[in-house]
Amino acid sequence: MIDDFAKDYLHSDLREIREEMLGKLDGLSEYDIRRPLTATGTTLLGLIKHLAVGEARYFGEVFGRPSSDAVPRWDDLERRGIDMWATEHETREEIIGRYRRVWAHSDATIAALPVDAPGHVPWWPRPDVKLFNVLVHVLTETNRHAGHADVLREHLDGMPPADSGRDQAFWAARCAEVDRAARAAAPVAP
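Think of each chain on its own: its residues are numbered from 1, step by step along the sequence as written. This being a predicted model, a pLDDT of at least 70 is required before a residue's local features are given, and a value of 80 or more before pairs of side-chain atoms are given or counted; all residues contribute to the totals for chains, interfaces and linings. To get the side-chain values, all heavy atoms of the structure are used, and hydrogens and water are removed first.

(A) Geometry of the pattern of salt bridges. Salt bridges are counted wherever a side-chain nitrogen of Lys or Arg sits within 4 Å of a carboxyl oxygen of Asp or Glu. If you walk through the whole model with that rule in mind, you get 15 salt bridges. Of the charged contacts in the structure, one is a salt bridge between Glu-55 and Arg-18, with a shortest N-O distance of 2.9 Å. Linking Glu-55 in helix α3 (residues 44-58) with Arg-18 in helix α1 (residues 4-23), this pair joins segments that are 37 residues apart in sequence. Residues Glu-55 and Arg-18 agree in their burial class; the two are buried. One salt bridge in this structure joins Arg-183 and Asp-179, with 2.8 Å as the shortest N-O distance. One end of the pair is Arg-183 and the other is Asp-179, both in helix α6 (residues 168-185) and 4 residues apart, which spans about a single turn. What you see here is one network of salt bridges that share partners, running through Lys-49, Glu-90, Glu-94 and Arg-98. Counting from the N terminus, the helices are the DSSP runs of H or I reaching at least four residues and the strands are the DSSP runs of E reaching at least two. Note on exposure labels: buried denotes an accessible area under 20% of the residue type's maximum, exposed denotes more than 50%, and partly exposed covers the range between, all computed with a 1.4 Å probe on protein chains only.

(B) Local environment of the packing of α1 against helix α5 (residues 131-157). At a minimum axis separation of 9 Å, α1 and α5 run at an interaxial angle of 25°. With respect to α5, the element α1 is oriented roughly parallel. Of the two possible hands of crossing, α1 and α5 adopt the one that is left-handed. Here Ala-6, Lys-7, Leu-10, His-11, Asp-13, Leu-14, Ile-17, Met-21 and Gly-23 of α1 come into contact with α5, specifically with Leu-131, Phe-132, Leu-135, Val-136, Val-138, Leu-139, Thr-142, Asn-143, His-145, Ala-146, Ala-149 and Arg-153. For the contact of α1 with α5, the residue count by class is 13 nonpolar, 5 polar and 3 charged. The axes used here are C-alpha line fits, helices contributing only the stretch in contact, and every angle between their N-to-C directions lies in the interval 0 to 180 degrees. To sort the angles, those under 35 degrees are grouped as roughly parallel, those over 145 as roughly antiparallel, those from 65 to 115 as roughly perpendicular, and the leftovers as oblique. Each crossing is labelled by how the near helix is turned from the far one, with a counterclockwise turn of less than a right angle marking it left-handed and a clockwise turn marking it right-handed. We call two residues contacting when some pair of their heavy atoms lies within 4.5 Å. Side-chain classes follow a simple rule in which Ala, Val, Leu, Ile, Met, Phe, Trp, Tyr, Cys and Pro form the nonpolar group, Asp, Glu, Lys and Arg form the charged group, and the remainder, Gly included, forms the polar group.

(C) Structural detail: α3. By this rule, a helix spans an expected 1.5 Å times one less than how many residues it contains. Spanning 15 residues, α3 covers 21 Å between terminal C-alpha atoms, matching the ideal 21 Å at 1.5 Å per step. Here α3 lies mainly inside the structure; 13 of its 15 residues are buried. A 3.5 Å cut-off defines polar contacts: any pair of N or O atoms within that distance qualifies, except that in protein one atom must be a possible hydrogen donor and the other a possible acceptor, and neighbouring residues in sequence count only when both atoms are side-chain atoms. Regarding α3, its N-cap is Thr-43, as a side-chain oxygen of that residue lies 2.7 Å from the backbone nitrogen of Gly-46 further along.

(D) Focus on the side chain of Ser-67. Following the sequence through the fold, Ser-67 ends up in the loop between α3 and α4 (92-112). Beyond its immediate stretch of four places on either side in the chain, Ser-67 contacts Ala-56, Gly-60, Val-102 and His-105.

Here it is in structure tokens:
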């Protein structure tokens, strides 16, 4: 049975991972949070911007409670992907502020509605959903992007997540061990 305990549990996890996402920006320069770190142009600040748009859409439009922060229409192909990076005119503070405002709106929606409240996601194959489905989806997506952010952050500063409990020497030895195994499994030309 899906009940208020499940709703509160998922909501608590969502609050926690949101904060972790913002923590990925700590101590980084404007350039580092904005520069493309993958072949598709993924950036740390872009991930935050994308999550803000997603939450605004899922906990706003889907339940007939639009956010005061405008989001592009989900079916606007011209604007698709614009939420994945920050323009030179958008500040870090502006994007973080938007994400926090969206949190407040999402939290209000989650608090106001029962876990089985109906919603409608027109872009899903089975568009009629419950709040529970959307909570699971948004939590899953936020965790997915947090994993991306972990890798991007490690790429930027060469450090594993602070909570790994291991020092730089451990990770250097681990990388050497992994590389040796990769070379042994598939020898490469020198």
